[in-house]
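Structural features, examined
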Amino acid sequence: MTTKISKKICMLGDFAVGKTSLVHRFIYNELYEDQYFSPMAGIKVNRKTVVMPQRNDVVELTIFFWDLAGQDDFSQLWHSYAYNAVGAALVCDLTRPETLDNLMKYAVDFRQANPAAKFIMAANKSDLADEYRLTPTIVKEVSNKLNAPYYLTSAKTGHEVEDFFRHLGRLLLT
């Protein structure tokens, strides 16, 4: 038997951490190459259906990705965006430590709007190892505080992107 379920999640993180690129890589399995990169105006919604085997069932899970602009101007709108969201993907950039620090604020704001939401973390740009300013140990400390599993991802190469979003799918079904 196949069960069809739809879930809304929000992509949260600072500007240029790779939120849009991670979603694009997961949906299309290709690098998001926008030659003119500018902050999004508001929100972009994408979706992907994934098959998730369950005990005696198969679930066709459609995930709606609400990709929020990484700008302070939109923080007062998060409550509207978070409405009916069951989770959030928190994304930081391994080359910019302040983006990890800011994840705590995003998580607190999001939890105020949706106390039952589940979190997962992506420390993105793992392909830039020579430029890391964050260590996996530091990322793990923050993930523990947020009670969120974490992945070291690269939207550019696709490293850990599929695993990250499939883990998110499993979280959404629990």
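Heads up: these notes are all about the structure in this document. (Residues numbered from 1 in each chain as written. Predicted model: local features only at pLDDT ≥ 70, side-chain atom pairs only at ≥ 80, totals over all residues. Heavy atoms only, no water.)

Observations regarding the nonpolar core
- The biggest cluster of nonpolar side chains holds 25 residues, and the ones touching the most others in it are Ile9, Met11, Phe65 and Phe165.
- Residue assignment for this core shows that the elements contributing at least two residues are strand 1 (2–12), helix 1 (19–28), strand 2 (43–53), strand 3 (58–68), strand 4 (85–93), strand 5 (118–124) and helix 5 (161–172).
- Of all the elements, helix 5 adds the most residues to this core, at six residues.
- In contact with Met11, other than residues within four places in its own chain, are Lys19, Val23, Phe65, Trp66, Asp67, Leu68, Ala89, Val91 and Phe165.
- Of all hydrophobic cores here, the second largest spans 24 residues; its members include Cys10, Ala82, Tyr106 and Val142. (Core = buried A, V, L, I, M, F, W, Y, C linked by side-chain atoms within 4.5 Å. Buried < 20%, exposed > 50% of the residue type's maximum accessible area, 1.4 Å probe, protein only. Helix = DSSP H or I, 4+ residues; strand = E, 2+ residues; numbered from the N terminus. Contact = heavy atoms within 4.5 Å.)

Some thoughts on the sheet that holds strand 2
- Spatially, 2-3-1-4-5-6 is the arrangement adopted by the six strands of the open sheet, whose pairing is mixed. Looking at the sheet topology across the chains shown, the edges are occupied by strand 2 and strand 6 (150–152). Between one strand axis and the next, the sheet turns by 25° as a mean value, whatever way the strands run.
- By the bridge criterion, three bridges tie strand 5 to strand 6 in an arrangement that is parallel. From the neighbouring strand, Ala122 faces strand 6, where its bridge partner is Tyr151.
- Sitting on the sheet, helix 4 (residues 136–146) touches strand 4, strand 5 and strand 6, and the angle it makes with strand 5 is about 165°. (Pairing = 2+ DSSP bridges. Axes fitted to C-alpha atoms, helices over the stretch in contact; angles between N-to-C directions.)

Re the pattern of salt bridges
- According to the stated counting rule, one finds six salt bridges in the structure shown.
- In this structure, Arg96 engages Asp93 in a salt bridge whose closest nitrogen and oxygen atoms are separated by 3.5 Å.
- Judged by relative accessible area, Arg96 falls into the partly exposed class, the value being 21%.
- In this structure, the salt-bridge partner of Glu98 is Arg96, at a minimum N-O distance of 3.5 Å. (Salt bridge = Lys/Arg side-chain N within 4 Å of Asp/Glu carboxyl O.)

Examining helix 3 (residues 97–113)
- Between its first and last C-alpha, helix 3 extends 26 Å over 17 residues, near the 24 Å set by a 1.5 Å rise per residue.
- Among the residues making up helix 3, those that are buried are Pro97, Thr99, Leu100, Leu103, Tyr106, Ala107, Asp109 and Phe110. (Expected span 1.5 Å × (residues − 1).)

Topic: the pairing of strand 3
- Of the pairings in the sheet, the one linking strand 1 to strand 3 comprises ten bridges and is parallel in character. Pairing of Lys4 across the sheet is with Glu60, part of strand 3.
- Taken together, the eleven bridges between strand 2 and strand 3 define a ladder with antiparallel strand orientation. Pairing of Pro53 across the sheet is with Val58, part of strand 3.
- Between strand 2 and strand 3, which pair antiparallel and follow one another directly, the connecting turn spans four residues.

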